[in-house]
Amino acid sequence: MIKLRVNDLDIEVEEGLTVLQACEKAGAEIPRFCYHEKLSIAGNCRMCLVEMEKSAKPIASCAMPAADGMVIKTNTEKVEKARKGVMEFLLANHPLDCPVCDQGGECDLQDQSMFYGIDKSRFKENKRYVPEKYMGPLIKTQMTRCIHCTRCIRFATEVAGVPELGAIGRGEDMQITTYLEKSMKSELSANVIDLCPVGALTSKPYVFEARPWELKKTETIDVMDAVGSNIRVDTYGWEVKRVLPRINEDINEEWISNKTRYACDGLKNQRLDTPYFKENNKLKEVSWSRAYEILKDKIKNTVSEKIAGITGDLTNMETMYSVKEFFDKILKSKYLDSRSEDIFLNLSDRENYLFNSSINGIEESDLIILIGTNPRFEATMLNARIRKSYLNNKTKIYSFGNAGDLTYDYEIIDNTTTELNNIFEKKGDLYQVLKNSKSPLIIFGESFMKLKSAYYIFEKCKSFFKEHENNYTNDWKPINILSKNASSVGSYDLRIIYTEDGYSTVLKKINNNEFDIIFLFGQDNINFKKNNEFVVYIGSHGDNGADMADLILPSPAYTEQDGHFVNLEGKIQKAYKASYPTGSSKEEWEIINNISEILVNKTLFKDKDYLLDSMKNYLKLNASAKYNFHPNLNLVKENIFIDDIDYYYSNVVARASKTMRECRDAMIETKKTGTEG
Amino acid sequence: MSLKKVSKEQPDKFEFSKENLILAEKLIQKYPKEKKQSAVMPLLYLIQKQNDNWIPLVAMKYLAKYLNMPYIKVYEVATFYSMYNLAPVGNYFVQVCTTTPCMIRGAYKIIEACKEKISSKENELSKNKKCSWIEVECLGACINAPMMQINNDYYEDLDKDKALKIFEKILNDEKPEPGSYRGRKNSEPENNRTTLMDLNNA
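Student: Looking at this structure, how should I read the overall build of chain A?
Tutor: Secondary structure summary: chain A contains 21 helices and 26 strands in total. Radius of gyration (C-alpha) of chain A: 28 Å, near the 26 Å computed for a compact globule of 677 residues. Projected onto the principal axes, the alpha-carbon positions of chain A cover approximately 90 × 60 × 55 Å. Counting over 677 residues, chain A shows a buried share of 61%. Of the roughly 28,600 Å² that chain A leaves accessible, carbon and sulfur atoms contribute 47%.

What follows is the structure, given as structure tokens:
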């Protein structure tokens, strides 16, 4: 611990902090532009000047390490004069276009010039003009406003791992640009918009849409992947205007992926607003009561074994629980599943389907083995953590199969199951590496779970680590499953799964056309040849599911209702209602209540609170429930393929979004022109 | 000084010549093994020497791959330093110093001469494509101000007429004599005074 004095206040701080951090601990606020907690220190904006005893000149507090016995003053006249001087220089070339600047109202420069700005400019020369740069479909540039803090460059190089931004030229003529103005090819690129302290980098899709003070802010959870990033949804009336990250050090730190941020315009397109019924191959609008009647007739004329249901990738737990109750108690069918792909699951223990080491745990690991997963596209924020670990600990990373550019170096291993099995049989080079590792991480992806020997290898892996338990600290959990969808882990907790051998029996039967009625609850990623099935689609967007459906019942999207999600680590989080659903759509549990009332004259749930209580009860009781299945006990020689992921088109909201389409086009374009060199 | 313009006409290919490849390896060895990116500056200079005194974009890409670093980092360095030329320059590359001492002694007269004789704008080739000129910062020969550099030689103690004569020569592909144009040897004092001893009030 270091003792120092800030503004006549004695404080003690840990070693390794900067003067700026120490001052913050002492409660003295320091203005800054270039300094950012999560990025390396640049020290080039000079706004954080403070006075230090025995130093003739003021010091840049962000770049000065705190030392024992320092006497710092942050509120003297000298400091204020110095900061005013810096501000005058920053404003010398900054245009006076706040009224037409999108950053207005949340601009660091604007805010700080209220304290340190001078009302008149002494700068009589011509102001600098910098041409606009192209940085892809998400980032709008207005580089004349740039104050050269280099936060964006540091972010792209350090966090995103795509060193594409740079500062060219020098002095007054310095310009921030991508290499020859190519689109930034990172899934995290839009975070530079939040980082930019001025209006130089602003959001292209959000350009001139609204002012920050007009927006209603709702803190909620993202559903684009299973990470469960914490977000803030800004709405103007009904419309979701933008999505911003919220700080959660355990999950997304303070970044979000471009999909999380920009898929929100998909909430405006392709929406289902009223029930539809397909007659003579044509969808026709019907009233809710008519829709229920049609459904009632169908269900009454079908035996329960012929009814199946699949829940979707964005479905919240309330919906899934009500669906489960509906299938158990009203339809009396067991054929309900949440998987749209035939992946293996062993629900006998929660550790079998969670990311056990937690996202924070990645930072402590010294060895990561990826098995059948491409974390960059399956869980972007998690990949950023792997990169962080790679940079900080020089973590060694191996992958079975080529996962493409993951923003860090990794070694590709022969992608056969026998090769993988060899490690746990204590053979081969990788075993030697694994043996010597103090904190290894094995990450199994869903592509691995599709294999026939998934159970065999997974159990082998478990017993291997059981044997080597003593190598690791007590709470170290090396085995991790990386789920792709926001609803996955929640649905496993709720046991929305029907299986005989671990794989999805429902999917098999659907593909064999064994059902008469199929319910799709927001499920759009399923593909099967339709025969004579009556497909009921309950969801928010007109996409694959609605395309197949004979009856469509509209329900709200993820920003339009309260609901719980469990992220891949098993953390339960609540998403809040930020805007209103379209047309006459009803929340899924209400629809189910109505159907059951029509079918059996009794509602399932009194209200949403009742639903929530009984769901929580179920989760508590279910923790010890038995899970019976007959897995394949043998090792099969097969190849571990990493599924291609159409990153910007992975769910209904993204597919309905114009911005995502532009991103996808830009990505395809870069691949075509081969800017890799 | 304004931002350097990158040439619009770019070659498709660049590779180090055999001799330069050996030289490049030698240069890299001057730096720690894991920090070989540090060699980017001497190697850019090497490229410039090989490629008629300017650095094309393909060469930057080539170098980035050669040193295993992001393209943008090479680009940053190349645009930062004024002595890397990013567009073709003439066989005779005239650099006129216009920093304070030279400016006081009439450097802008030489610029006028450049504009009259070579081309009306900086970084533009002369009519016979042999010559181009540029304003630069201090070349460290202030005592012989005003001065200019043509390729590897310094031409000192100039005025407009002398500069015009020099340009006349280089435009005709003749090499003018380098050094002082007022008959000085290096930077010796004029009027033969070698010490201050013989001055009364020194």
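Having put the structure on the table, let's press on.
Student: What should I look at first to understand the domain arrangement of chain B in this one?
Tutor: Think of interface size as the accessible area that goes away when the parts come together; that is how it is often given. You can read the domains of chain B as domain 1 (18–80) and domain 2 (92–180). Between domain 1 of chain B and domain 2 of chain B, the C-alpha centre-to-centre distance is 29 Å.

Student: What should I look at first to understand the side chain of S333(A) in this one?
Tutor: Inspection of the secondary structure puts S333(A) in the loop between α8 (317–331) and β16 (336–337). At 2.7 Å, the side chain of S333(A) forms a polar contact with the backbone oxygen of I307(A).

Student: Where do I start with empty space enclosed by the protein in this structure?
Tutor: To find leftover empty space, one rolls a probe the size of a water molecule over the atoms. All names here are of chain A. Tallying each qualifying case throughout the model produces 6 cavities of 30 Å³ or more. The computed volume of the largest cavity comes to approximately 210 Å³. In terms of lining residues, the largest cavity is bounded by 21 residues, among which L314, T315, S540, P556 and E588 are the most central. Listed by contribution, the elements that provide at least two residues to the lining of the largest cavity are β23 (534–539), β25 (563–566) and α20 (652–655). The residue makeup of the lining of the largest cavity, split by class, is 8 nonpolar, 9 polar and 4 charged. There is about 100 Å³ of room inside the second largest cavity. In terms of lining residues, the second largest cavity is bounded by 14 residues, among which C146, C149, C152, C196 and A200 are the most central. Of the residues belonging to the lining of the second largest cavity, the class tally is 11 nonpolar, 2 polar and 1 charged.

Student: Looking at this structure, how should I read the pairing of strand β17 (residues 367–371) of chain A?
Tutor: Residues in a regular strand point their side chains to alternate faces of the sheet. All names here are of chain A. Counted residue by residue, β17 has 5 buried out of 5 residues, so it is predominantly covered. The alternating pattern of β17 places L367, I369 and I371 and I368 and L370 on opposite faces, both of which are buried. Judged from the 5 bridges that link them, β17 and strand β20 (residues 440–444) form a sheet pairing that is parallel. The residue bridging I371 from the neighbouring strand is F444, located in β20.

Student: I keep staring at the nonpolar core and nothing clicks. Help me out?
Tutor: By size, the foremost hydrophobic cluster in this structure holds 196 residues, and its most contacted members are L4(A), F326(A), L382(A) and F519(A). In this structure L4(A) touches L9(A), D10(A), I11(A), V13(A), A22(A), A66(A), A67(A), M70(A) and I72(A), once residues within four positions along its chain are discounted. I168(A), I47(B), I72(B) and L86(B) belong to the second-largest nonpolar core, a separate cluster that totals 31 residues.

Student: Sorry if this is basic, but what is going on with the interface of chain A and chain B here?
Tutor: At the interface, 19 residues of chain A touch 15 residues of chain B. Regarding the contact of chain A and chain B, the summed buried area is about 1,500 Å², with carbon and sulfur atoms giving 61% of it. For chain A, the biggest contributors to the area lost against chain B are I168(A), R170(A) and Y179(A); these three give 42% of the whole. Counting across the chain A and chain B interface gives 0 salt bridges. For the pair chain A and chain B, the number of links is 3 residue pairs in polar contact (both at pLDDT 80 or more). The set of elements that each furnish at least two residues to the side of chain A that touches chain B consists of α4 (151–160), β7 (165–168) and β8 (175–178) of chain A. The greatest single-element share of the side of chain A that touches chain B, amounting to 4 residues, is contributed by β7(A).

Student: Hey, could you run me through the sheet that holds strand β10 (residues 216–221) of chain A in this one?
Tutor: One key point about sheets: their strands pair by backbone hydrogen bonds, in either a parallel or an antiparallel sense. Residues and elements named next belong to chain A. The sheet built from 3 strands is open, its strands ordered β10-β11-β12 with antiparallel pairing. Of all strands in the sheet, those bounded by a partner on one side alone are β10 and β12 (239–245). Strand-to-strand, the axes of this sheet are offset by a mean angle of 30 degrees, without reference to chain direction.

Student: Hey, could you run me through the sheet that holds strand β5 (residues 71–73) of chain A in this one?
Tutor: Residue and element names in this part refer to chain A. Taken in spatial order, the 5 strands line up as β2-β1-β5-β3-β4 in an open sheet, and their pairing is mixed. Only two strands of the sheet have a single neighbouring strand rather than two, namely β2 (9–13) and β4 (59–60). The pairing of strand β3 (residues 49–52) with β4 spans 2 bridges and is classified as antiparallel. Bridge pairing links L49 to A60 in β4. Of the strands in this sheet, β3 and β5 touch helix α2 (residues 77–92), which is tilted by about 150 degrees from β3.

Reading the values: the criteria
Residues numbered from 1 in each chain as written. Chains lettered and ligands numbered in written order. Predicted model: local features only at pLDDT ≥ 70, side-chain atom pairs only at ≥ 80, totals over all residues. Heavy atoms only, no water. Helix = DSSP H or I, 4+ residues; strand = E, 2+ residues; numbered from the N terminus. Rg over C-alpha atoms; globule rule 2.2 N^0.38 Å. Buried < 20%, exposed > 50% of the residue type's maximum accessible area, 1.4 Å probe, protein only. Areas by Shrake-Rupley, 256 points an atom, 1.4 Å probe, with all protein chains shown as cover. Domains from an automatic or database assignment. Polar contact = N/O pair within 3.5 Å; in protein donor to acceptor, adjacent residues only side chain to side chain. 1 Å grid on protein atoms, 1.4 Å probe; cavity = no way out; pocket = protein on both sides within 12 Å on 5 of 7 lines; lining within 4 Å. Points joined across faces, edges and corners; volume = space filled by probe spheres on them. Nonpolar A, V, L, I, M, F, W, Y, C, P; charged D, E, K, R; others polar. Pairing = 2+ DSSP bridges. Core = buried A, V, L, I, M, F, W, Y, C linked by side-chain atoms within 4.5 Å. Contact = heavy atoms within 4.5 Å. Buried area = accessible area lost by both parts, 1.4 Å probe. Salt bridge = Lys/Arg side-chain N within 4 Å of Asp/Glu carboxyl O. Axes fitted to C-alpha atoms, helices over the stretch in contact; angles between N-to-C directions.

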